[in-house]
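Summary of structural features
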Amino acid sequence: MEPIIDIQNLTKKYADGYLALDNVSAQIAAGEIIALLGPNGAGKTTLISIICGLTTITKGTVSIDGCDVVSEYRKARSIIGLVPQELMLEPFETVLGTVKLSRGLFGQKADPGYIEKILRQLSLWDRRSTQIRELSGGMKRRVLIAKALSHEPRILFLDEPTAGVDVDMRRETWEVIKDLKRSGVTIVLTTHYIEEAEEIADRIAVINSGRVLLIEEKTELMKRLGTKQLSIDINQPISELPLTLADCDIQIENNGTRLIYKYDASMKQAGVTAVLSALNEAGVSILDLQTYQSSLEDIFVGLVAEETT
Ligand SMILES: Nc1ncnc2c1ncn2[C@@H]1O[C@H](COP(=O)(O)OP(=O)(O)OP(=O)(O)O)[C@@H](O)[C@H]1O
Ligand SMILES: [Mg+2]
């Protein structure tokens, strides 16, 4: 299938010579939710700004549904909605006015029913006559989402949609994003919350120093995260494992006083009992036990650290 967003060898050098994107290529399929993860300054906003036609390209191409974002800017822009990272809103305008105006700017016919639907979805309907300046930061962010949706875009970019948004409101925003996906909208979001990517993304891309370090299906990533670890502190140091445990993935650490057993968390029979009883039979007495499961955060931190060392 043709990707709805096609990024080919994209490089961005800012006027001061800073290389913000370094030969980035990626294809995004219609209807998917992709989360861009990366530390501050990784290049996420730069990437989104280029796709949305707000920043110039140094090298490479980007097309949206077959339209080049530079030579066919207006056509490409008409199918995109953007929720920017910065809260840019007219303070004296009302919520309803802001969203209606935005629809008008895209040349779409007025549709009060549609605007009401999105404001209700984002719990802003009761605040429709309130001026923007009277809203809290989290509400302003939701007005930005409503504004981005005003012209019924097929692709929505959300640059940190839940930054500064409380836990309940974050969950509500996730529901709105999932609903949009169900209605066929393709979604690209950036986030610093790994939990957010875990919760809503189909694919995850990790970006650091202008390069894409990883782009993978979330379920595949999660499978890799299936390894659990049991750490066993023992009374007397040992130099060798009891023979009955020779086939298990167990390492001896801490001068022989700690055993690290790795197993697949999805297995019904993890073998933990077998390991413990084998130790017991071999006369090894156990002082303490701890289990540990790696997370997406570990992968992310590991990848970024690898890059910077
Ligand atoms: N207009 C500009 N001129 C020069 N450098 C810029 C400009 N805009 C961004 N940069 C630099 O490009 C790099 C990438 O910035 P960008 O805003 O894309 O990062 P980001 O991944 O969105 O970070 P954050 O998570 O903090 O939002 C940063 O080092 C930033 O300082
Ligand atoms: Mg950013």
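An account of the accompanying structure is given in this report. (Residues numbered from 1 in each chain as written. Chains lettered and ligands numbered in written order. Predicted model: local features only at pLDDT ≥ 70, side-chain atom pairs only at ≥ 80, totals over all residues. Heavy atoms only, no water.)

Turning our attention to the packing of aromatic side chains. As enumerated under the stated definition, the model contains one aromatic pair in all. Ring centres of Y261 and Y263 lie 5.2 Å apart, and the angle between their planes is 25 degrees; on these two criteria the pair is classed as stacked. The pair Y261 / Y263 is uniform in exposure class, with both members buried. Above the plane of the ring of W125 lies R128, whose end atom (NZ or CZ) is 4.0 Å from the centre. The ring of Y193 is capped by R170, whose NZ or CZ atom sits 3.7 Å from the centre of that ring. (Phe/Tyr/Trp six-rings, centres within 6.5 Å; stacked < 30°, edge-to-face > 60°. Buried < 20%, exposed > 50% of the residue type's maximum accessible area, 1.4 Å probe, protein only. Lys NZ or Arg CZ within 6 Å of the ring centre and 35° of its normal.)

Further remarks concern the sheet that holds strand β11 (residues 227–234). The four strands lie next to each other as β12-β13-β11-β14, forming an open sheet whose pairing is antiparallel. Among the strands making up the open sheet, the edge pair consists of β12 (250–253) and β14 (286–293). Along the sheet, successive strands turn relative to each other by an average axial angle of 20 degrees, direction set aside. By the bridge criterion, four bridges tie β12 to strand β13 (residues 258–264) in an arrangement that is antiparallel. By the bridge assignment, I250 is partnered in β13 with Y261. (Pairing = 2+ DSSP bridges. Helix = DSSP H or I, 4+ residues; strand = E, 2+ residues; numbered from the N terminus. Axes fitted to C-alpha atoms, helices over the stretch in contact; angles between N-to-C directions.)

As a further point, take the pattern of salt bridges. All told, the structure shown has ten salt bridges when counted by the stated rule. Between K178 and E175 there is a salt bridge, and its shortest N-O distance comes to 3.7 Å. A residue pair is termed a helical-turn pair when its members lie 3 or 4 positions apart in one helix, as K178 and E175 do in helix α6 (residues 167–182) at three residues. E175 gets classed as partly exposed once you look at its relative accessible area, which sits at 39%. The partner of R182 in a salt bridge is D179, and the shortest N-O contact between them spans 2.7 Å. Pair noted here: R182 and D179 are both in helix α6, with a separation of three residues, about one helical turn. Assessed through its relative accessible area of 34%, D179 is described here as partly exposed. (Salt bridge = Lys/Arg side-chain N within 4 Å of Asp/Glu carboxyl O.)

This next bit is on the coordination of the magnesium ion (ligand 2). Looking at the metal site, the magnesium ion (ligand 2) is ligated by T45 (OG1) and Q85 (OE1), spaced 1.9 to 2.2 Å from it. In this pair, T45 sits in helix α1 (residues 44–51) while Q85 sits in the loop between β6 (80–83) and α3 (95–105), placing the two residues 40 residues apart along the sequence. T45 sits in the partly exposed class, given a relative accessible area of 31%. Judged by relative accessible area, which is 29%, Q85 ranks as partly exposed. (Donors = N, O, S within 2.8 Å, 3.2 Å for Na, K, Ca; no water.)

Its place among the elements puts L47 in helix α1. Accessibility expressed as a relative area gives 6% for L47, which makes it buried. Taking the C-alpha atoms as reference points, L47 and R224, separated by 177 residues in sequence, lie 28 Å from one another. Setting aside residues up to four positions removed in sequence, L47 forms contacts with I7, L10, L21, L36 and I207. (Contact = heavy atoms within 4.5 Å.)

Relative to the helices and strands, R203 resides in strand β9 (residues 203–208). The residues contacting R203, other than those within four sequence positions of it, are Q27, I28, A29, E32, I33, I34, A35, I215, E216, E217 and K218.

It is worth spelling out the sheet that holds β9 at this point. Spatially, β6-β7-β8-β3-β9-β10 is the arrangement adopted by the six strands of the open sheet, whose pairing is mixed. Since the sheet does not close on itself, it has two edges, and those belong to β6 and β10 (211–217), each with one partner. Strand-to-strand twist in this sheet, taken as the mean axis angle between neighbours without regard to direction, amounts to 15 degrees. Sheet topology places strand β3 (residues 33–37) next to β9; four bridges connect them, and they run parallel. Along β9, the bridge assignment pairs I34 with R203. Strands in contact with helix α5 (residues 137–149) are β6 and β7 (155–159); relative to β6, the strand with the most contacts, it is inclined by about 170 degrees.

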